[in-house]
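Listed here are the chains, written in short residue letters.
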Amino acid sequence: MRKYSITYFIGQSIKGLWRNGIMSMASITVLMSCLAVMGSFSLLVININYNLEEIGVLNEIVVFVETERTELEVVDIYNQIRSLDNVNTVTHITKEEVKEEERLRFEKYPAVFKLIDDGGKNPYPDTFIVTYNDNSKVNTLQFNLNNIKGVENVRCNKDLAKSIDEVKNGIIVIFIWFLVILFVVSLFVIINTIKLGVFSRRQEISIMRYVGATNWFIVLPFILEGIIIGIVASGFAYLIQWYSYLYIFNTISKDFQIINLIIFEDVRIFVALGFLAIGVVTGIIGSSLSLSKYLKA
């Protein structure tokens, strides 16, 4: 048999998709839905992490030093905090800085700070902002901080951080289940689409095998059908994700300014490549499964 160019196989694939137009559209629609749902949940998780980083208080512990401690003792407390396990960063806010922050906070009540400015004792303590890496070890860190001599109080947001982690984990579990279900449905529809193409060309395939056509020559057009389905589905899914995210972004930016969302342009390359890779791989797997008997022959 003479050699054929790739355009021949692509042409045969397009013809096969056209013959089974309804099933082809069903395959594209289901796979597109799978990708859109996956992209939406992925962006949701990314934006949750982004907002937690912006808030910057969920992985922080605030350490208040006893007000009567000297500067040397405060430095020693700082060094002890730095030496503890699971400590990422330590920021020292002096009692003078705390006082000025409070002055701005209560600027309508200047008399409150008049006594301090006139030589009175500063009632505000030196404060340390401690960030940590591992939320599972925060109880040990909090215990060690409380046992440092000179530390008066330790404020930790571990319960809030735990709640946020549970919400995130719940979203991820839901996302995985949706993805698995839609992925299986996508494979099922693609497999049946390719099987219809094989059935409609069964006589032609028998003749090609009779004259010595290789398995790959027979199945390659059907593999390309799966790839085309994946490419088209990923393209439509990307457009849906783009416009829906833009709509949500504009709505939240206008009505819920307390929430910050990542600009889609910052992640569009990752979304596009992820959709394309998953779409093509799904198409190839679906085609390969439907043609397994020919590959084994």
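Residues numbered from 1 in each chain as written. Predicted model: local features only at pLDDT ≥ 70, side-chain atom pairs only at ≥ 80, totals over all residues. Heavy atoms only, no water.

### Some words on the overall build of the protein
Filter applied, for reference: Numbering of helices and strands runs from the N terminus; a helix is a DSSP stretch of H or I covering at least four residues, while a strand is a stretch of E covering at least two. A simple rule labels every residue: compare its accessible area, found with a 1.4 Å probe on the protein chains alone, to the largest value its type can have, and call it buried under 20%, exposed over 50%, or partly exposed in between. Contacts are assigned to residue pairs that have any heavy atoms within 4.5 Å of one another. Only the protein chains shown count as cover for residues, with accessible areas throughout obtained via the Shrake-Rupley method and a probe of 1.4 Å.
Assigned secondary structure in the protein consists of eleven helices and four strands. Across the 297 residues in the protein, those meeting the buried criterion constitute 39%. Partitioning the intrachain contacts of the protein with sequence separation of at least 6 by distance along the chain shows that 83% fall at a separation of at least 24. Taken as a whole, the protein presents about 17,900 Å² of accessible surface, with 64% of it coming from carbon and sulfur.

### Here's the deal with the pattern of salt bridges
Proximity of charged atoms lets side chains of opposite charge pair with each other. Defined as follows: Definition used for salt bridges: Asp or Glu carboxyl oxygen within 4 Å of a side-chain nitrogen of Lys or Arg.
Taken as a whole, this structure holds two salt bridges when the rule is applied. Arg69 is the salt-bridge partner of Glu66, the closest N and O atoms lying 2.9 Å from each other. Residue Glu73 pairs with Arg69 through a salt bridge whose shortest N-O separation is 3.2 Å.

### Examining the environment of Lys168
Looking at the secondary structure, you find Lys168 in helix α7 (residues 158-200). C-alpha separation for the pair Lys168 and Ile48, spaced 120 residues apart in sequence, amounts to 7.8 Å.

### Brief notes about a nonpolar patch on the surface
Heads up, the rule is: In this scheme, patches are assembled from residues that exceed 30% relative accessible area and form no salt bridge. Like charges are connected within 9 Å, while nonpolar side chains (Val, Leu, Ile, Met, Phe, Trp, Tyr) are connected within 5 Å.
A surface patch of nonpolar side chains, amounting to about 490 Å² of accessible area, comprises Phe236, Leu239, Trp242, Tyr243 and Leu246. Here Phe236 lies in helix α9 (residues 215-255). For Phe236, a relative accessible area of 45% gives the class partly exposed.

### Brief notes about unusual backbone geometry
Although it is not a glycine, Asn86 sits at a positive phi angle of roughly 75°. Mapped onto the fold, Asn86 is located in the loop between α3 (71-83) and β2 (87-93).

### Thoughts on the packing of aromatic side chains
Applied cut-off: Each pair of aromatic rings taken from Phe, Tyr and Trp, with Trp reduced to its six-membered ring, is defined by centres within 6.5 Å and is described as stacked if the planes are under 30 degrees apart, edge-to-face if over 60, and tilted in the remaining cases.
Summed over all chains, the structure comprises six aromatic pairs. Here the aromatic rings of Tyr78 and Phe128 are separated by 6.0 Å at their centres, their planes lie at 35°, and the arrangement is tilted. Remark: Phe128 occurs in strand β3 (residues 127-132) and Tyr78 occurs in helix α3; sequence separation between them is 50 residues. Each member of the aromatic cluster is reached from another via a ring pair, and the members are Tyr238, Trp242, Tyr243, Tyr245, Phe249 and Phe264.

### Quick look at helix α10 (residues 268-290)
Quick note on the threshold: Expected helix span is taken as 1.5 Å per residue step, with the number of steps being one fewer than the number of residues.
An ideal rise of 1.5 Å per residue puts 33 Å on 23 residues; α10 measures up with 33 Å between its terminal C-alpha atoms. If you check which residues of α10 are buried, you get Val271, Phe275, Gly279, Val280, Thr282, Gly283, Gly286, Ser287 and Ser290.

### Regarding the side chain of Thr67
Test applied: Polar contact criterion, stated in full: a pair of N or O atoms within 3.5 Å, where within protein one must be able to donate a hydrogen and the other to accept it, and residues adjacent in sequence count only if both atoms are side-chain atoms.
Structurally, the position occupied by Thr67 is in the loop between β1 (60-65) and α3. For Thr67, the side chain forms a polar contact with the side chain of Glu68, separated by 3.4 Å.

### As for the side chain of Lys95
The following threshold applies: The charged-residue count follows a simple rule in which Lys and Arg add positive charge and Asp and Glu add negative charge, with His and chain termini not counted at all.
Locating Lys95 in the fold gives a position in helix α4 (residues 95-105). Although buried, Lys95 forms no salt bridge, and the nearest oppositely charged side chain, Asp126, lies 4.2 Å from it. When neighbours within four sequence positions are excluded, Lys95 is seen to be in contact with Thr67, Arg69, Asn122, Tyr124, Pro125 and Asp126.

### Here's the deal with the nonpolar core
What counts here: Working definition of a nonpolar core: buried Ala, Val, Leu, Ile, Met, Phe, Trp, Tyr and Cys residues. They are joined through side-chain atoms within 4.5 Å.
Counting 24 residues, the largest nonpolar core has Phe264, Val271 and Phe275 as its most contacted members. Within the residue set of this core, elements represented by two or more residues are α2 (21-55), α7, α9 and α10. Broken down by element, this core gets its largest block of residues, nine residues, from α2. Residues within four places of Phe275 in sequence aside, it is in contact with Leu35, Met38, Gly39, Ser234, Ala237, Tyr238 and Gln241. By size, the runner-up hydrophobic cluster in this structure holds 19 residues, among which are Val65, Tyr132, Val138 and Val154.

### Things to note about the environment of Met32
Within the fold, Met32 resides in helix α2. What makes Met32 buried here is its relative accessible area of 17%. With 247 residues separating them in the primary sequence, Met32 and Gly279 have C-alpha atoms 8.3 Å apart. The residues contacting Met32, other than those within four sequence positions of it, are Ala233, Phe236, Ala237 and Ile240.

### Some thoughts on the sheet that holds β2
Our working definition: A pair of strands is treated as paired once DSSP finds two or more bridges between them. Simply put, an axis is a line fit to the C-alpha atoms, just over the touching stretch for a helix, and the angle between two N-to-C directions goes from 0 to 180 degrees.
Taken in spatial order, the four strands of this open sheet run β2-β3-β1-β4, and their pairing is antiparallel. Taken across any chain shown, the strands that pair with only one partner, and hence form the sheet edges, are β2 and β4 (151-156). Averaged over neighbouring strand pairs, the angle between their axes works out to 20° when direction is ignored. Judged from the six bridges that link them, β2 and β3 form a sheet pairing that is antiparallel. Note on β3: the bridge partner recorded for Thr89 is Thr131.

### Structural notes on helix α6 (residues 138-146)
Put simply, the test is: The arc in question is the one traced by the directions running from the helix axis out to the C-beta atoms.
Of the positions making up α6, those classed as buried are Val138, Leu141, Gln142 and Leu145. Seen along its axis, α6 keeps its buried residues to an arc of 100°; they face one direction.

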